[in-house]
Structures are given as C-alpha cells and as structure tokens.
Amino acid sequence: MYITNAKKQFKNLKNKKDVIVLAFESSCDETSVSIVKNGREILGSIVSSQIDIHKKFGGVVPEVASRNHILVIDNITKEVMNSAKLTFADIDAIAVTYGAGLVGALMVGVTYAKSLAFALNLPLIKVNHIKAHISANYLTYPNLKPPFLALVVSGGHTALLKIKNYTDFKLIATTFDDAIGEAFDKVAKVLGLEYPGGPVINKLAEKGNINIQFIKTPFNKKELSFSYSGLKTSVINYIHKLEQNGDTPNIENICASFQAEAVREVVEKSIYQAVRLKEKTIVVAGGVSANTYLREKLIQKGKENGIEVLFPEFKFCTDNADMVGSEAYFLIKSGKNLSNIDLTAEPNINLKYSNRN
Ligand code: KG4
Ligand code: ZN
C-alpha cells in the first residue's frame with residue numbers, strides 16, 4: 001500500500017517544476033537535517049556536531065555516536081522545519097544516507113527517515129554518502145554539470161571517480177589500505193593531538209618546515225591506486241625513534257612534512273589520471289577537501305596541466321545533510337533509488353558500482 005503510493009508520487013516528481021527534499025545525515029559524528037529545493041537551493045539546514053563529545057576518547061566511539069544521534073534528530077528536524085517556515089505538506093520526498101558509515105549511527109537516520117516517509121506517505125530516497133559528498137559541489141557551483149573527474153578525500157575514502165552524469169559513475173582508483181583522512185587522524189593521535197586530526201595538523205603545519213623525508217609511496221603507472229599505510233607507519237616509526245633517543249619531536253615540522261607527503265600522493269596521481277583520461281575538470285569532495293595545503297597544491301598543479309580544480313565551500317566539506325538533499329534531487333529526476341520501508345543501513349557500500357535501484 002505504502003510503496004504503491006510512493007511509486008506513483010515518485011514518478012510524478014520527475015516532471016514537477018519544484019521539488020523540495022527533506023534530507024537526513026547520521027553516518028558518523030554529525031547529525032544533520034536539511035531542506036533542499038531543486039538540488040541547488042538550501043531552504044533550511046542544521047548540522048549538530050558531536051566532535052566535542054568524541055574528543056575525550058581520541059576518536060569516534062560508535063555506540064556514543066548512535067546515542068547522540070537519537071538524542072538530537074527529532075529536535076533538529078522540528079527546528080529546521082520552523083526556520084524554513086515550512087510544514088510537512090510542503091515536502092515532496094524524504095532522503096537519507098544509508099551508507100557508507102557506522103552501522104548504528106546510520107540506523108538512526110534511516111529509521112527516523114523511514115518512519116517519517118511512512119507517516120507522511122512520501123517517497124523515500126536512499127543516498128550513498130560518498131556520492132552526496134560530490135554533490136556538495138552542486139550547491140557551491142550552481143552551474144556545475146557532469147561529466148567531470150571527482151576526487152573523494154575523506155575519513156573513510158580516497159577515490160578517484162569518473163562522474164558520467166548526475167547518477168552514474170565509474171571508479172578509476174581507490175586506496176589500497178588507509179584513507180587519507182584516516183592517516184591524518186592516526187598521525188595526530190600518535191602526536192598527542194586532538195581529534196579530528198586533519199584540521200589540527202593543517203594548522204600546525206603552517207608554522208612548520210617540510211624538512212623530514214617520510215616514506216614515499218612508489219609511483220607505479222600500472223598500479224595507480226593510493227596508499228597511506230606506509231606513510232603513516234613511517235611517521236610513527238620516526239616519532240618512536242626520537243622518543244627512544246630521548247629527543248623531543250618538533251611537532252610543527254612533523255605535521256608539515258607528513259601533510260606535504262600525504263598531499264603529494266593524492267595530487268600527483270590525480271593529475272596523472274586526469275591528463276591520461278583527457279579530463280579538464282577535477283571536483284574535490286569530502287572532509288580533507290578543507291585542507292588548505294591540498295587546495296593550494298592541487299589548484300597549482302591543475303593550472304600547470306590545463307585542468308580546472310574545484311573545491312566545495314568549507315561548510316560543505318565535512319558531513320552535512322545539504323549534500324544528501326542535493327544528491328537525492330538528481331536521483332529523483334533520474335528515477336533512481338526509491339526505497340521501500342524495509343531499507344536498512346549498508347556500512348560498506350561498494351564504490352565499484354553506480355547507484356542502482
Ligand atoms: O567527510 P568527513 O566529514 O567524514 C567521512 O565521510 O569520512 O571527513 C572527515 C575527515 C577526518 O579524517 C578529518 O580529520 C578530515 O576529514 N579533515 C581534514 C581537514 N578537515 C577535516 N583533513 C585535513 N585537513 C583538514 N583541514
Ligand atoms: Zn563524510
């Protein structure tokens with residue numbers, strides 16, 4: 001009964017002039033709710049971050065994250081609706097991140113969104129978190145259209161994707177081991193710095209010198225996937241050696257040198273692939289796209305090779321529901337990802353495949 005009606009409404013949205021999506025994001029440590037019109041215009045938005053809660057533990061504690069999503073999601077939804085001066089009757093569809101992420105955290109958003117969709121008799125759209133990060137750029141650049149090459153650099157992913165159209169993509173390269181954001185967070189932890197490590201290392205690196213040569217991941221044209229485990233281990237070994245010798249590490253120089261190598265790895269390989277594939281635009285997405293050194297280096301190398309490099313506005317780099325609402329709009333217009341209320345969380349979405357029903 002529910003799905004028959006949802007299918008009918010979903011079909012009608014394809015030709016509707018204005019489509020308003022109420023979107024939810026709860027994949028990690030941010031609970032976020034947003035109302036997005038036509039994939040590009042934000043009518044209301046709240047991001048409630050749990051960073052201060054997880055700082056005490058030096059990283060995200062999954063169980064604590066789930067509990068805190070539960071505590072805030074209902075209030076945030078009401079606040080967003082009020083701030084946009086809208087009622088549920090104005091909403092055309094509900095969208096939610098169903099993966100990738102922490103299973104318990106994802107389940108909070110998925111369950112809340114499913115309940116709302118069922119109660120309001122609205123279509124429910126499932127959204128891939130990684131694709132949503134890329135769609136954050138449609139909010140920053142109103143005229144941006146596929147095709148382009150997307151570089152995803154987040155806490156869980158380092159991947160280069162060929163974005164063919166608004167909903168279909170092809171995986172070009174990914175990481176063999178750790179993600180770039182994960183490497184920032186792990187190195188920060190060893191240095192005794194706060195979680196999340198990325199922004200702290202970025203800041204400290206500005207005061208340091210790039211004068212330590214950590215291990216360089218080999219550049220093998222046949223195997224162009226990224227790798228961060230060797231670099232991370234190299235930094236950890238360097239710090240341990242200093243400690244064994246009773247020497248004090250220069251934190252700022254370590255941050256600058258690690259960051260330079262982490263960025264070199266992703267810049268060199270992304271530019272190589274863009275040139276090889278004759279791509280003229282690289283669109284960057286995910287938490288690490290906030291890194292100022294990465295921004296500077298990738299834009300510079302892009303210019304040298306005739307490639308335009310686009311970064312999302314800082315507020316769209318880390319997790320938010322705005323990007324989920326944007327991605328959902330393009331799925332609706334392509335007739336994809338309508339979900340039934342048996343939707344469940346998928347902590348590990350395989351990036352090898354495009355969004356499919
Ligand atoms: O996209 P995101 O919010 O979550 C995932 O989907 O994984 O990314 C979070 C990651 C963390 O690893 C964090 O340390 C990193 O993004 N990050 C940064 C910066 N800001 C956030 N890494 C380097 N430099 C930054 N300025
Ligand atoms: Zn994310």
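Before reading further, recall that the structure is shown in the block above.
Residues numbered from 1 in each chain as written. Chains lettered and ligands numbered in written order. Predicted model: local features only at pLDDT ≥ 70, side-chain atom pairs only at ≥ 80, totals over all residues. Heavy atoms only, no water.

Draft legend 1. Representation of the overall build of the protein chain within the structure. Across its full length, the protein chain holds eleven helices and eleven strands. In terms of C-alpha radius of gyration, the protein chain reaches 21 Å, essentially the compact-globule figure of 21 Å for 357 residues. Judged by the C-alpha coordinates and their principal axes, the protein chain covers about 70 × 45 × 30 Å. Residues classed as buried in the protein chain amount to 55% of the 357 residues present. Considering only residue pairs separated by 6 or more positions, the protein chain has 74% of its internal contacts joining residues 24 or more positions apart. Accessible surface computed for the protein chain: about 15,700 Å², of which carbon and sulfur atoms make up 52%. The protein chain carries 43 positive and 35 negative side-chain charges, and their two centres are separated by 8 Å. (Helix = DSSP H or I, 4+ residues; strand = E, 2+ residues; numbered from the N terminus. Rg over C-alpha atoms; globule rule 2.2 N^0.38 Å. Buried < 20%, exposed > 50% of the residue type's maximum accessible area, 1.4 Å probe, protein only. Contact = heavy atoms within 4.5 Å. Areas by Shrake-Rupley, 256 points an atom, 1.4 Å probe, with all protein chains shown as cover. Lys, Arg positive; Asp, Glu negative; His and termini not counted. Charge placed at Lys NZ, Arg CZ, Asp CG, Glu CD.)

Draft legend 2. Broad picture of the packing of helix α7 (residues 197-205) against helix α9 (residues 251-276). For the pair α7 and α9, the least separation of the axes is 8 Å and the interaxial angle reads 110 degrees. In terms of orientation, α7 and α9 fall into the roughly perpendicular class. Packed against α7, whose contacting residues are Ile201, Asn202, Leu204 and Ala205, the element α9 presents Ile251, Glu252, Cys255, Ala256, Phe258 and Gln259 at the interface. Classifying every residue of the contact of α7 with α9 gives seven nonpolar, two polar and one charged. (Axes fitted to C-alpha atoms, helices over the stretch in contact; angles between N-to-C directions. Parallel < 35°, antiparallel > 145°, perpendicular 65-115°, else oblique. Nonpolar A, V, L, I, M, F, W, Y, C, P; charged D, E, K, R; others polar.)

Draft legend 3. Broad picture of the coordination of the zinc ion (ligand 2). Taken together, His129 (NE2), His133 (NE2) and Asp319 (OD) make up the protein donors of the zinc ion (ligand 2), found 2.0 to 2.1 Å from the metal. Read in sequence order, the donor residues for the zinc ion (ligand 2) give the motif H-x3-H-x185-D. Of this pair, His129 and His133 both sit in helix α5 (residues 129-140), separated by four residues, roughly a single helical turn. Assigned by exposure class, His129 and His133 land together as buried. (Donors = N, O, S within 2.8 Å, 3.2 Å for Na, K, Ca; no water.)

Draft legend 4. Region of interest: the nonpolar core. Core analysis: the biggest nonpolar cluster contains 41 residues, and Leu151, Phe258, Val266, Ile282, Leu294 and Leu298 have the highest contact counts within it. Mapped onto this core, the elements with two or more residues apiece are β6 (148-153), α6 (180-190), α7, α8 (229-244), α9, β9 (281-285) and α10 (292-304). Among the elements that take part in this core, α9 stands out by supplying eleven residues, more than any other. Not counting chain neighbours up to four residues away, the residues in contact with Val266 comprise Leu151, Val153, Thr158, Ile180, Phe226, Tyr228 and Leu294. Ranked by size, the runner-up nonpolar core spans 38 residues in total, among them Ala95, Tyr138, Ala321 and Val324. (Core = buried A, V, L, I, M, F, W, Y, C linked by side-chain atoms within 4.5 Å.)

Draft legend 5. Representation of the site of ligand 1. In the vicinity of ligand 1, 19 residues are found, and the nearest of them are His133, Gly155, Asp185, Gly287 and Asn291. Backbone polar atom of Gly155 to an oxygen atom of ligand 1: 2.8 Å apart, as the coordinates give it. Within the side chain of Asp319, one N or O atom sits 3.2 Å away from an oxygen atom of ligand 1. Look at ligand 1: alone it shows 560 Å² of surface, and the protein chains cover 89% of it. Those elements giving two or more residues to the shell around ligand 1 turn out to be α5, α6 and α7. (Near = heavy atom within 4 Å. Polar contact = N/O pair within 3.5 Å; in protein donor to acceptor, adjacent residues only side chain to side chain.)

Draft legend 6. How the structure looks around the side chain of Asn68. Secondary-structure assignment places Asn68 in helix α3 (residues 62-83). A polar contact of 2.8 Å, which involves the side chain of Asn68, links it to the backbone oxygen of Val64. If we ignore the near neighbours within four places in the chain, the residues touching Asn68 are Thr31, Gln50 and Ile53.

Draft legend 7. Focus on α10. The first and last C-alpha atoms of α10 sit 19 Å apart over 13 residues, in line with the 18 Å expected at 1.5 Å per residue. Every buried residue belonging to α10 is among Tyr293, Leu294, Arg295, Leu298 and Gly302, and all of these are buried. Positive phi shows up at Gly306, right after α10, with a value of about 70 degrees. (Expected span 1.5 Å × (residues − 1).)

Draft legend 8. Just the sheet that holds strand β11 (residues 338-339), in detail. Across the sheet, six strands lie side by side as β3-β2-β1-β4-β5-β11; this open sheet has mixed pairing. At either margin of the open sheet sits one strand with a lone partner, and together these are β3 (41-49) and β11. When strand β4 (residues 93-99) meets strand β5 (residues 124-128), the two strands line up parallel, connected through five bridges. The residue bridging Val96 from the neighbouring strand is Lys126, located in β5. Running over the sheet, helix α4 (residues 103-120) touches β1 (20-25), β4 and β5 and is turned about 155 degrees from β4. (Pairing = 2+ DSSP bridges.)

Spatial relationships are all this shows, so hold off on functional conclusions.
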